Amino acid sequence: MLANSNATANLAVKDLAKAKSFYEDVLGLREVHNEGGELIVYKCGDTSINVYHSKFAGTNKATAVTWMVGDEIEKIVGGLRSKGVVFEHYDMPHTTIEGDIHVGHGMKVAWFKDPDGNILNLVDR
């Protein structure tokens, strides 16, 4: 029923101006729509992300958005680190951490948080 429709991630934030700075200046996303300070839509490849103001921001403790970045993962992690992004390190079975990248199960993954604690990640697929 929905297999041929694009999906959009929704990220709740407390301070939309602070989030705007992070998603545009740090992550390099391009705003494509703004709903008067309540919602900003960012273009990501063939999809988009809705960043919206909510009093429930920061309550999700699981990964909210994944970017499939292929063999650019090391370069992207380095670029984000140079902009002040702090990467998360998790103790996971059968996985080692090389710098800020988890390696195991045939893939490389790096996790980080936005200013409201939304967990974001990069995968080398």
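Residues numbered from 1 in each chain as written. Predicted model: local features only at pLDDT ≥ 70, side-chain atom pairs only at ≥ 80, totals over all residues. Heavy atoms only, no water.

1. Remarks on the UniProt feature "domain: VOC" (unreviewed entry) in the chain
- Per the UniProt entry, the sites bearing "domain: VOC" (unreviewed entry) are residues 5-125 in this numbering.
- Taken end to end, residues 5-125 is 17% helix and 41% strand, and its two terminal C-alpha atoms sit 21 Å from one another. (UniProt positions renumbered as here; feature names shortened; annotations may be inferred. Helix = DSSP H or I, 4+ residues; strand = E, 2+ residues; numbered from the N terminus.)

2. A few points about the pattern of salt bridges
- A complete count under the given rule lists 6 salt bridges for this structure.
- Among the ionic pairs, K108 bridges to E74, the shortest N-O distance being 2.6 Å. With a gap of 34 residues between them, K108 in strand 9 (residues 107-113) and E74 in helix 2 (residues 73-82) connect regions that are remote in the sequence.
- Residue R81 pairs with D100 through a salt bridge whose shortest N-O separation is 2.8 Å. Separated by 19 residues along the polypeptide, R81 in helix 2 and D100 in the loop between strand 7 (96-98) and strand 8 (101-104) bring together distant segments of the chain.
- Salt bridges here are not isolated pairs; linked through shared partners, they connect K20, E24 and E31. (Salt bridge = Lys/Arg side-chain N within 4 Å of Asp/Glu carboxyl O.)

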